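Analysis of the macromolecular model
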Amino acid sequence: MMAGRVKFGIVGLDVMLAGGLLDRSICTIIGAYGTGKTTFALQFAYEGLQQGERVIYISLKEREEILQATMAQKGWKTEDFGDRFSLLRLDPTDFNLAISSIKSELPALIRSTGATRVIIDPISLFEGIFVDESVRRREMFRLTEVMRDENCTLLLTSEGGSVNRDGSTHGLVECLSDTVILLRYVRSPGFTEVHLTIEVAKMRRSAHSREIKPFDILQDEIVVYSEASLF
Ligand SMILES: Nc1ncnc2c1ncn2[C@@H]1O[C@H](COP(=O)(O)OP(=O)(O)OP(=O)(O)O)[C@@H](O)[C@H]1O
Ligand SMILES: [Mg+2]
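Described in the following lines is the structure provided in the data block. Keep in mind it's a predicted model, so treat the numbers as computed, not measured.

1. A closer look at the overall build of the protein
Of the regular secondary structure elements, the protein holds seven helices and eleven strands. Taken against the 2.2 N^0.38 rule, which gives 17 Å for 231 residues, the C-alpha radius of gyration of the protein at 17 Å falls within 12% of a compact globule. In terms of principal-axis extent, the alpha carbons of the protein reach across some 50 × 40 × 35 Å. In the protein, which comprises 231 residues, the proportion classed as buried is 52%. In the protein, the share of contacts with a sequence separation of at least 24, taken over all contacts with a separation of at least 6, comes to 66%. When the accessible surface of the protein is split by element, carbon and sulfur atoms take 51% of a total near 10,900 Å².

2. Remarks on the sheet that holds strand β9 (residues 194–203)
If you trace the nine strands from one edge of the open sheet to the other, you get β5-β4-β6-β7-β3-β8-β9-β10-β11, paired in mixed fashion. Each having just a single partner strand, β5 (85–89) and β11 (222–224) make up the two edges of the open sheet. For this sheet, the mean inter-axis angle between neighbouring strands, taken without regard to orientation, is 20 degrees.

3. Here we look at the packing of helix α4 (residues 95–113) against helix α6 (residues 133–148)
Their axes nearest at 11 Å, the elements α4 and α6 cross at an angle of 10 degrees. If you check the angle between α4 and α6, you find them roughly parallel. The segment α4 lies against α6, with I102, K103, L106, P107 and I110 engaging E139, R142, L143, V146 and M147. When the residues that make up the contact of α4 with α6 are grouped by side-chain class, the tally is seven nonpolar, no polar and three charged.

4. Some remarks on the packing of aromatic side chains
Considering all chains together, one arrives at seven aromatic pairs under this definition. Ring geometry for F8 versus F44: centroids 4.9 Å apart, planes at 50 degrees, classification tilted. Placement of F8 in the loop between β1 (5–6) and α1 (11–16) and of F44 in helix α2 (residues 37–50) is noted, with a sequence separation of 36 residues between them. For the residue pair F8 and F44, the accessibility class agrees, reading buried in each case. When the centroid spacing of 6.1 Å and the interplanar angle of 55 degrees are considered together, the rings of Y33 and Y185 count as tilted. Of the two residues, Y33 sits in the loop between β3 (26–31) and α2 while Y185 sits in strand β8 (residues 179–187), which places them 152 residues apart along the sequence. We classify Y185 as partly exposed; its relative accessible area is 23%. Taken together through their ring pairs, the aromatic side chains of Y46, W76 and F81 make up a single cluster.

5. A closer look at α2
Taking 1.5 Å of rise per residue, the 14 residues of α2 would be expected to cover 20 Å, and the 20 Å separating its terminal C-alpha atoms lies within 8% of that figure. Burial runs high along α2: 13 of the 14 residues are buried. Phi turns positive one or two residues past the end of α2, at G52, with a value near 85 degrees.

6. Some points on the nonpolar core
If you look at the biggest cluster of nonpolar residues, it comprises 35 residues, and the most contacted ones within it are F8, L13, F40, Y57, F85, I181 and I198. When neighbours within four sequence positions are excluded, L13 is seen to be in contact with F8, F40, I181, I198 and V224. L90, F130, L156 and L172 belong to the second largest nonpolar core, which has 26 residues in total.

7. Examining the environment of R210
As for its position among the elements, R210 is in the loop between β9 and β10 (213–217). Taking the C-alpha atoms as reference points, R210 and E199, separated by eleven residues in sequence, lie 6.7 Å from one another.

Thresholds, definitions, all that
- Residues numbered from 1 in each chain as written.
- Chains lettered and ligands numbered in written order.
- Predicted model: local features only at pLDDT ≥ 70, side-chain atom pairs only at ≥ 80, totals over all residues.
- Heavy atoms only, no water.
- Helix = DSSP H or I, 4+ residues; strand = E, 2+ residues; numbered from the N terminus.
- Rg over C-alpha atoms; globule rule 2.2 N^0.38 Å.
- Buried < 20%, exposed > 50% of the residue type's maximum accessible area, 1.4 Å probe, protein only.
- Contact = heavy atoms within 4.5 Å.
- Areas by Shrake-Rupley, 256 points an atom, 1.4 Å probe, with all protein chains shown as cover.
- Pairing = 2+ DSSP bridges.
- Axes fitted to C-alpha atoms, helices over the stretch in contact; angles between N-to-C directions.
- Parallel < 35°, antiparallel > 145°, perpendicular 65-115°, else oblique.
- Nonpolar A, V, L, I, M, F, W, Y, C, P; charged D, E, K, R; others polar.
- Phe/Tyr/Trp six-rings, centres within 6.5 Å; stacked < 30°, edge-to-face > 60°.
- Expected span 1.5 Å × (residues − 1).
- Core = buried A, V, L, I, M, F, W, Y, C linked by side-chain atoms within 4.5 Å.

Distances and angles like these do not, on their own, reveal function.
Next up, the structure:
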């Protein structure tokens, strides 16, 4: 595996990413409700913390105490990481707060904490603040541009699009990201079971797997079955 890759700490996924995300790149995980976006994002945060990094997790959906409880349930002792872990919840219905926090205060926070992993979960709620399509495009472009000046790898999550099921809600973030990971529900033949699958749809400047792999969310880890084949 290549050195200098930013790992999820999920063996099968890191293999699909040829070792992990590129340092200082922007990755988006796209999936419908319940496909595991938050679970992957938390795992990405935890892996960074275990590597001694500083991590900022901005939650636009779930409350801080719920995410803390989720991590505790996995047996992760987040208190051990002290101020290396900043978990912030922003209210996406508070237009001014969400915009000023993400646009203006986030770069300052990244610099003051020295965070090398930043997560926004889900970015689709931030995008949804902008009613005007052209304003949304401009604001998202600005956000990703600003983040590219920071010394960190950015992980975004997005709800899936209702029209294009390979795309995000607003069809925008996947174009601005370096890496796109798709999570999906797949019904078994006979419709007796639902499987979750993962694929790397895009990865700029890197080779990557084009296979669709099944995965499971277990109590304390995500397992990507890299040897298994769905078809
Ligand atoms: N401790 C656990 N053990 C087993 N499965 C779990 C556990 N925690 C979560 N899951 C599975 O993960 C799913 C939810 O994952 P997660 O919250 O990461 O999804 P999400 O894509 O972020 O959803 P949303 O769009 O609603 O935010 C649950 O529906 C459940 O199937
Ligand atoms: Mg979620």
